[in-house]
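Chains, contacts and geometry: an overview
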Amino acid sequence: MLSASISNDTAFHPSTFILLGIPGMQDQHLWAAIPFCSMYILALVGNGTILYTIVKERALHEPMYLFLCLLSITDLVLCSTTLPKMLTIFWFKSHKISYHGCLTQMFFVHTAFATESAVLLAMAFDRYVAICRPLHYTSILNGMVIGKIGLASVIRGLLFVFPFVILIERLPFCGHHVIPHTYCEHMGIARLACASIKPNTIYGLTVALSVTGMDVVLIATSYGLILRAVLHLPSKDAQFRAFSTCGAHICVILVFYVPAFFSFLTHRFGHRVPPRVHIVLANLYLLLPPVLNPLVYGVNTRQIRLRILDFFMGRR
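Remember, predicted model here, so these are calculated numbers, not experimental data.

1. A few points about the overall build of the protein chain
Looking only at helices and strands, one finds 12 helices and three strands in the protein chain. Counting across all 316 residues of the protein chain, residues that qualify as buried make up 48%. Look at the contacts in the protein chain between residues 6 or more apart in sequence, and 79% of them connect residues 24 or more apart. Put simply, the protein chain shows about 15900 Å² of open surface, and 71% of that area lies on carbon and sulfur atoms.

2. Considerations on the environment of Val-277
Examined against the element boundaries, Val-277 turns out to sit in helix H11 (residues 275–300). Under the relative-accessibility criterion, Val-277 is labelled partly exposed at 31%. Taking C-alpha positions, Val-277 is 9.0 Å from Ser-263, a pair spaced 14 residues apart along the chain.

3. What to know about the UniProt feature "transmembrane region" (unreviewed entry) in the protein chain
As recorded in UniProt, the sites labelled "transmembrane region" (unreviewed entry) are residues 30–52, 64–83, 103–125, 145–168, 202–230, 242–265 and 277–299. Annotated as 90% helix and 0% strand, the span residues 64–83 places its first and last C-alpha atoms 28 Å apart. Counting secondary structure, residues 202–230 comes out at 100% helix and 0% strand; the distance between its end C-alpha atoms is 41 Å.

4. Quick notes on the sheet that holds strand S3 (residues 178–179)
With respect to topology, three strands assemble into an open sheet ordered S2-S1-S3, the strand pairing being mixed. Two strands close off the open sheet at either side, each with one partner strand: strand S2 (96–98) and S3. Sheet topology note: the strand S1 (residues 16–19)/S3 ladder contains two bridges and is parallel. For Ile-18, the partnering residue across the bridge sits in S3 and is Val-178. Taken strand by strand, helix H5 (residues 99–132) contacts S1, S2 and S3, and its axis lies near 85° from that of S2.

5. Focus: the state of the cysteines
Summed over the entire model, instances satisfying the criterion amount to two disulfides. Residue pairing for Cys-102: its cysteine sulfur links by disulfide to Cys-184, the two sulfurs lying 1.9 Å apart. Around the S-S axis, the bridge from Cys-102 to Cys-184 shows a dihedral of about -115° and counts as left-handed. Of this pair, Cys-102 sits in helix H5 while Cys-184 sits in the loop between S3 and helix H8 (186–190), and the two are 82 residues apart along the sequence. For the pair Cys-102 and Cys-184, one class covers both residues: buried. Residue Cys-174 pairs covalently with Cys-194 via a disulfide, S to S 1.8 Å. Disulfide Cys-174-Cys-194: torsion about the S-S bond near 65°, hence right-handed.

6. A few points about the nonpolar core
The biggest cluster of nonpolar side chains holds 46 residues, and the ones touching the most others in it are Ile-54, Leu-71, Leu-120, Ile-219 and Ile-226. When contributions to this core are tallied by element, the ones reaching two or more residues are helix H2 (29–56), helix H3 (63–80), H5, helix H9 (198–231), helix H10 (236–269) and H11. Ranked by the residues each element gives to this core, the list is headed by H5, at 13 residues. Apart from the residues lying within four places of it in its own chain, the contact partners of Leu-71 are Glu-116, Val-119, Leu-120, Met-123, Val-252, Asn-293 and Tyr-297. Formed by 41 residues, the second largest nonpolar core is a distinct cluster that contains Ile-89, Cys-102, Val-161 and Leu-192.

Cut-off values and rules
- Per-chain numbering applies: the sequence of each chain, read as written, is numbered from 1 onward.
- Totals for whole chains, interfaces and linings use all residues, but because this is a predicted model, local features are given only for residues with pLDDT of at least 70 and pairs of side-chain atoms are given and counted only at 80 or more.
- Only heavy atoms go into the side-chain values, all of them from the structure, while hydrogens and water stay out.
- Secondary structure is summarised from DSSP: a helix means a run of H or I of at least four residues, a strand means a run of E of at least two, and numbering begins at the N terminus for each.
- Think of it in three bands: with a 1.4 Å probe and only protein chains considered, a residue is buried below 20% of the maximum accessible area for its type, exposed above 50%, and partly exposed in between.
- By definition, residues are in contact when any of their heavy atoms lie within 4.5 Å.
- The Shrake-Rupley method, run with a 1.4 Å probe, gives the accessible areas here. Residue values count only the displayed protein chains as cover.
- UniProt positions are given in the numbering used here, feature names are shortened, and annotations may be inferred rather than shown by experiment.
- What makes two strands pair is DSSP finding at least two bridges between them.
- Throughout, an axis means a line fitted to C-alpha atoms (over the contacting stretch in the case of helices), and angles, computed between N-to-C directions, take values from 0 to 180 degrees.
- Here, two cysteine sulfur atoms that lie within 2.5 Å of each other are counted as a disulfide.
- As used here, the term nonpolar core means buried Ala, Val, Leu, Ile, Met, Phe, Trp, Tyr and Cys residues forming a set that is joined through side-chain atoms within 4.5 Å.

Below is the structure:
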């Protein structure tokens, strides 16, 4: 009786999942790990340097740099939820992950992505206030407001992603436990179920369109207003400085959203796209922003660039 109960429970929810890695490239996993590991190290060093520089230098305790701190923290969470496990798959053939470990990874991956999208929206609002309402900048975006925005970004991500866990928990898996992926994500797990996953599909699309899609619309609106304001500035030098600051942010936005939406669309509608392309894209949209964001801001933001150079040259 007890063994039958355990068997039924295992059939409904497997005790472990098997993460295959990149389908069709299992023989190249050892070599594929090298660029991924290199990018992960760059992400850790780059974002760690940005955080250390901003925290250390009181002159950088301004709204734009505080938002950049939030972005770096989110980037570190975003890549650290997937890359360590992926590297153990590639190097040590450690394909197993517990059921609850898989759900935990899924939860943090989607929460970090939703949070980063909210942080990018907050940074667009910061640039809008700085350029369109410069006299009210410090009164609108003080330390308390920035803290509340950061907290709201995290809470929004938690609230929208938690139903993913509930939707997965209701599904029976009937012994299916092999995930053709390098990490656990919502639809990748749901497709293993031996029951209807229509609620999962509908809710996933709803979240993507209403949360991330709305963020993109609001960011585009902010930059439309910023562009109009910049073109009316009397000084060419002022226009150049405004475009330079906003240009860095626009690069970060494109790096974050373009691979993410391309991966999202090919995952759901690109049935002729090879599985390995899906998986590589799914990894790149989690890894590219953490790698490139520090480089973009380090190169384009003069204050950060000078502080980093001073640090490495031993000047205080």
